[in-house]
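Residue strings, one per chain:
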Amino acid sequence: MQTQSARRGRVDPHLSMRDYDPEADLMLLHFGPQHPSTHGVFRMDLHLDGEVVVKATPYLGYLHRAVEKLCERLTYVQQTPVVDKNDYVAPMTNEQALNMAFEKLLNVEVPRRARWVRTLFAELQRIASHLLWLGTFALDLGGALGGGSTLFIHTFRERELILDLFEEVTGARFHYNTHTLGGNRHDLPAGFDVKVKAALAEIEARLDGYETMTLHNSIFVARTRGVGVLDGELALELGITGPILRASGVDHDLRRDAPYGAYDELKVRVAVEQGGDCYARAKVRVAEMRDSIRLVREAIEGVPEGPLCGFKPIRLVGQVKATAGQVYVAIETPRGELGTFVIASPDNPTAPHRLKIRSPSLHALSAIPYIVPGATVSDAVAILGSLDPIMGEVDR
Amino acid sequence: MAVTDPPERRALPVLAGAPAFDAPLYRTLLSAPGLSVLAGALDELLAWGSRNALWVFPMATSCCGIELMAAAASRVDLDRMGTIVRATPRQADVMVVAGTITVKMAPRVKALWEQMPEPRWCIAMGSCAISGDFYRNLYSVIPGIDTVIPVDVYVPGCPPNPEALMHGLLRLQEKIKATRAGTFAAPELNPALLTTTRPSIARVVDADRDPTQSDQQTASADHATASDKTDARPEGSPEPAAYEAVAPDASPARDFADLVRDEFGVTDIPAGMAPLVETAKHVALARRLRALGYKQLVYVVVSHYAAKTGARAAPERFELACAVRTVGEGSRVAAWRLALEPGEAVPTLVGVYAGADWQEREQYDLTGVRFAGHPDLRRIMMPEDWVGHPLRKDYAADTACPPWR
Amino acid sequence: MNALAHGASYGALIILTLLTTVAMGVWFERKFAGRMQSRLGPTMVGPVGLLQSVADVVKLLNKEDIIPRDADRGLFTLAPVLAALLSLGAAAVVPFSSTVVAADLDIGVIWVVALGGLTVIATFAAGWSSNNKFALLGAMRGIAQSVSYGVPLVLSVLVPVILAGTMSLSGIVAWQTRHHWFALWPVIPGLPALGLFFLAMLAESNRIPFDIPEAESELVAGVTTEYTGAKFVLFYMAEYVHTLVGSAVASVLFLGGWDGPIAPGLHWMVAKTLALFVAVYWVRWSLLRYRSDQLMALCWRRLTPLGVGLVLLASAWALFAPGGPA
Ligand code: SF4
């Protein structure tokens, strides 16, 4: 039986195993939810013909923490630390997306300094997040008892430098709770710019080495080039955003195309690759890291003086009220378009009626049924790693 | 079904007594004639070995897992104390539960715990593993891993620093040593804490419950797999929506508001809101927009409005919001809404935007709105046999789910 | 009788030394990997963490021994024993000096290669009997890999055999003592053959970049997924012994064995073996891993033709070179 999507020249994500060659001796491999390279608690069932995947069925929800329901119970003021935990590799981006949505809902003006500081933090987060991705991706390709872990531990070392910076500002290594309605809660400490520059110099110097160990390494290239090719049209249809989309040849970056924060003044150089494979994704992310280093340097130079918060100090949890409106605000996180969709209703003015978090990782994972079939088990691991899913954000 | 008082769930199985330390080698050696005189020394040796080679099984589900990784990296370096991470539970000694455990995950954690060979220990890392953090009263999260498996050491924090985890491992070493020597005493509990920290949601314990029911619940999340194996598309589920290639429309870009007004008969667009479109025109609008270059699906969201009485009386209703986007410089979003009666099915967008597949599944799972023509309308977040749709207003956030909470 | 006593005593000595070396090797590897990763490695157990491997073994022996319900009990128990015996057995014929050798067989080369090749049976038995899909996949990969890489391994071993004109390991060393190390002269089949042997040995002992049978980011722990405690120790040990014996054989075949100036022969042999052993770990902690089909392609498209070429060259050298083999 030829299915609808097969006619589109695509893998059928709902391939019925009844229709598959009955002679084939298939094996069903449960991959996850607890597996060393599922990046958390993701599960996919792989129908294997030998080592080749015939069908990949993802299962989500092992980390469904009911964040959207929780947000309906909490007031606008209380939600920032809750959404922090969604994308736990770049927590500040969650705070930013949420508070920007509330600011739009309530028409709160954000002072220029706060916008610059937010942008500075967002770019630092991007570097930290991509470093972590590079390390875990190497771990997927090289194993915990081999070269993979060497790279992993090295990128973690560099990530610690950024975490130290954040710790100095907010007192926390992650889950910062620093964004608030109308601005930020923690100001930059004295001498912060010197420390940022020192950390950046160190990271930049080591990035070359990592590039040699990955992008210029023949084993890495052999394992990633031509693996998990995702074509740009399909990626768009699936709602895939961020580095994965740009690696598929689509020139789209919300920082440039729908500027927010300080991106109207700071110009982003968007990295685009045509390959659509794991290698292109790696290349885009490394290029983004370099660009972020440049952006952080510019941002730290350009942070203007002025107030850090444009909203009156919060004293009561029920202080912020909204009775009507629906807003959607999206930002470009390390993983793509993170949006917050809020509906306010007069029934409960202090809390949103419905809050939906549009997470880039969920959309990224939805590519799996399309790009994993035809690959081997080893490739499936590489593909999953290259999608950089954060399960907290996928399942919420 | 009896609902017990919350304090009872804090029976703290670990502290009830030292766990039985079953050492096969030790037993064999002791039974060898003449060796029993060396029992003391042997005892020391075995306890020394056990506590100095604590191999970790990372039950890392979420944020705390990142700190667990950081603990193995160069700044803290758990390897200093001989602790390495093993991916298979068969070769691990300590299960570090790092992260939130949901009702869907809990049966797996238990299964993995049971696969670990004795002697084994468990460290609950982070508030989520200890008590469920602020998710503890929610329907899908279990209030602490000690409701499932016994915990030896609690490492508090959200997330605990890597140093804190190492401290926890060192405390575990002390505990192993003391237990072996028979001097381990469980710390006194402060009874006041038990009431202040108890979850408001009761643990469901039913004495009359047939144990097979619990087994079914444990297996519940596997249902998807079972149905996948037999591979019958659910009875009566429709054929996938037909896909028609959408030819790009080269006509000059139009304002979205004008488009829906002229072509889709929407007369009144409230300020600051997306236009309300007739359900029957949903797919046609999506297809038109796709032709106009709105190639990227942004979101599909269903919200529920419970029936209201009194002054502002209103019947129960649903609302679906949907948005698509153009890509590239000057990206624009087109968003529209549909008003739905309870029980009304929405035509699926899968034929136009492949990404609608999971989005619609998620909305179906959480709100119960059905999508007509969807090729695979199963639950996506909750276990297959879950009862109810959590994001409906009439669904209490703290609905308990036996047997895990 | 004399030979038997000699064999038994040296055999015991060699096994003891090997096992101690393995324990120290594990410690060394962890330290080495730690330094490569800018961390410290074991420091707390014993002075500079020296007792770490001892603690590991004590702990593992002390663990509950689990045999999965649906496993094939007999095979499941046999597999680790087999793995350990085979890897230790290969050590029997390795001459550590002109006297320190358990059994100086005339066909030592064949013995080493054969026992090395047989370990695949242990791998298969373990993967099959565990009744675990990850283990089964690991076993499948392991068999394909061992069988394929056996070919370049044998081809590379043939080079010194042809050049020296003997199959006895001591004979080969003796020849090199009289003439020159094969890795140095004739350098063209010699040095590439050493490289080939090294690669094939990495593959046979499942080391990165060829560790796909136990690729733990894909297959959890491969064939050893279901093994606990003492049985796991045997596998673990077998793996290290295999690498160690492989390094020893490489130094015997290509680096002149116990031949070397000033210091006594045994020291030279140990030094060469350990140098190769460290090289294995250096490679292991630096590289990523190949995919199984790429591994096969590498073997059949590159290494095997290379091996054949080397054997032809060696034969030509043996026939025509002036002052060729004795
Ligand atoms: S305790 Fe905090 S950091 Fe840890 S898993 Fe829970 S929410 Fe995440």
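None of these values were measured; they are calculated from a predicted model.

Cut-offs used in this document
- Residues numbered from 1 in each chain as written.
- Chains lettered and ligands numbered in written order.
- Predicted model: local features only at pLDDT ≥ 70, side-chain atom pairs only at ≥ 80, totals over all residues.
- Heavy atoms only, no water.
- pLDDT = per-residue confidence, 0-100.
- Contact = heavy atoms within 4.5 Å.
- Phe/Tyr/Trp six-rings, centres within 6.5 Å; stacked < 30°, edge-to-face > 60°.
- Helix = DSSP H or I, 4+ residues; strand = E, 2+ residues; numbered from the N terminus.
- Buried < 20%, exposed > 50% of the residue type's maximum accessible area, 1.4 Å probe, protein only.
- Expected span 1.5 Å × (residues − 1).
- Bend = angle between axes of the 7 residues up to and from the residue.
- Pairing = 2+ DSSP bridges.
- Right-handed = clockwise from strand over helix to strand, strands pointing away.
- Core = buried A, V, L, I, M, F, W, Y, C linked by side-chain atoms within 4.5 Å.
- Domains from an automatic or database assignment.
- Axes fitted to C-alpha atoms, helices over the stretch in contact; angles between N-to-C directions.
- Near = heavy atom within 4 Å.
- Nonpolar A, V, L, I, M, F, W, Y, C, P; charged D, E, K, R; others polar.
- Buried area = accessible area lost by both parts, 1.4 Å probe.
- Salt bridge = Lys/Arg side-chain N within 4 Å of Asp/Glu carboxyl O.
- Polar contact = N/O pair within 3.5 Å; in protein donor to acceptor, adjacent residues only side chain to side chain.

Draft legend 1. Main features of the confidence of the model for chain A. Mean pLDDT over chain A works out to 84, with 95% of the residues at or above the 70 mark. Note on residues 1-8 of chain A: pLDDT is under 50 here. Beyond four places in sequence and across chains, it has 14 contacts.

Draft legend 2. View of the packing of aromatic side chains. Scanning the model with the defined rule gives 20 aromatic pairs over all chains in all. Aromatic pair A:Tyr328 and B:Tyr299: ring centres 4.6 Å apart, planes at 45 degrees, arrangement tilted. Note that A:Tyr328 is positioned in strand β6 (residues 325-333) and B:Tyr299 in strand β5 (residues 296-305), a pairing that runs across two chains. For the pair A:Tyr328 and B:Tyr299, one class covers both residues: buried. Considering the side-chain rings of C:Phe28 and C:Phe32, the 5.6 Å spacing of their centres and the 20 degrees angle between planes classify their relative orientation as stacked. Of this pair, C:Phe28 and C:Phe32 both sit in helix α1 (residues 2-36), separated by four residues, roughly a single helical turn.

Draft legend 3. Region of interest: helix α3 (residues 73-91) of chain C. Residues and elements named next belong to chain C. With 19 residues, α3 extends 29 Å between its outermost C-alpha atoms, agreeing within 8% with the 27 Å of an ideal straight helix rising 1.5 Å per residue. The largest bend in α3 comes to about 25 degrees, at alanine 79, with the proline proline 80 one to four residues further on. All of the buried residues along α3 are Phe76, Ala79, Pro80, Ala83, Ala84, Leu86, Ser87, Leu88, Gly89, Ala90 and Ala91.

Draft legend 4. A look at the pairing of strand β1 (residues 56-60) of chain B. All names here are of chain B. The buried fraction of β1 is high, at four of five residues. Inspection of the sheet shows β1 paired to strand β2 (residues 94-98) by five bridges, in the parallel sense. Counted as the bridge partner of phenylalanine 57 is methionine 95 from β2. For the handedness criterion, the β-α-β arrangement of β1, helix α3 (residues 63-72) and β2 is classed as left-handed.

Draft legend 5. Here's a closer look at the nonpolar core. By size, the foremost hydrophobic cluster in this structure holds 248 residues, and its most contacted members are A:Leu46, A:Leu60, B:Met95 and B:Ile145. In terms of domain composition, this core takes at least three residues from each of domain 1 (52-184 + 193-222) and domain 2 (256-372) of chain B. Residues in contact with B:Ile145, not counting those within four places in the same chain, are B:Val97, B:Ile101, B:Val109, B:Ala124, B:Ala129, B:Ile130 and B:Val151.

Draft legend 6. Spatial organisation of the environment of C:Leu61. By the secondary structure assignment, C:Leu61 is in helix α2 (residues 52-61). For the pair C:Leu61 and C:Val233, spaced 172 residues apart in the sequence, the C-alpha separation amounts to 7.7 Å.

Draft legend 7. Spotlight on the sheet that holds strand β1 (residues 26-31) of chain A. Reading across the sheet, the three strands line up as β1-β2-β3 (chain A) and stay open at both edges, with antiparallel pairing between neighbours. Of all the strands in the sheet, the pair left with one neighbour each is β1 and β3 (52-59) of chain A. Adjacent strand axes in the sheet meet at a mean angle of 20 degrees when their direction is disregarded. When β1(A) meets strand β2 (residues 43-49) of chain A, the two strands line up antiparallel, connected through six bridges. The residue of β2(A) that forms the bridge with A:Leu26 is A:Asp49. Contacts from helix α5 (residues 133-164) of chain C reach β1 and β2 of chain A, with the element oriented near 120 degrees to β1(A).

Draft legend 8. Quick peek at the site of the ligand. The local shell around the ligand holds 14 residues, among which B:Cys63, B:Cys64, B:Ser127, B:Cys128 and B:Cys158 are the closest. Among the chains of the assembly, those with residues near the ligand are chains A and B. The element best represented in the shell around the ligand is helix α5 (residues 126-131) of chain B, accounting for three residues. Class assignment of the residues belonging to the shell around the ligand gives a composition of five nonpolar, seven polar and two charged.

Draft legend 9. Representation of the environment of C:Tyr240 in the model. Residues and elements named next belong to chain C. Residue placement: tyrosine 240 occurs in helix α9 (residues 229-254). It is 8.1 Å that separates the C-alpha atoms of tyrosine 240 and valine 26, two residues lying 214 residues apart in sequence. Ignoring any residue separated from it by four or fewer positions in sequence, one finds tyrosine 240 in contact with Val22, Val26, Glu29, Arg207, Phe277, Tyr281 and Arg284.

Draft legend 10. Local environment of the interface of chain A and chain C. Listed as interface residues are 40 residues of chain A and, on the opposing side, 26 residues of chain C. With both sides pooled, the region where chain A packs onto chain C buries about 2,700 Å², and carbon together with sulfur makes up 59% of that total. Taken as a group, A:Glu51, A:Leu145 and A:Ile219 account for 21% of the area that chain A buries against chain C, more than any other trio of residues on that side. We note a salt bridge from C:Arg291 to A:Asp379, for which the minimum N-O separation is 2.9 Å. Where chain A packs against chain C, one counts eleven residue pairs in polar contact (both at pLDDT 80 or more). Mapped onto the side of chain A that touches chain C, the elements with two or more residues apiece are β1, α5 (112-142), α6 (147-170), α8 (218-224) and α15 (377-387) of chain A. Considering each element in turn, the side of chain A that touches chain C owes the most residues, seven residues, to α6(A).

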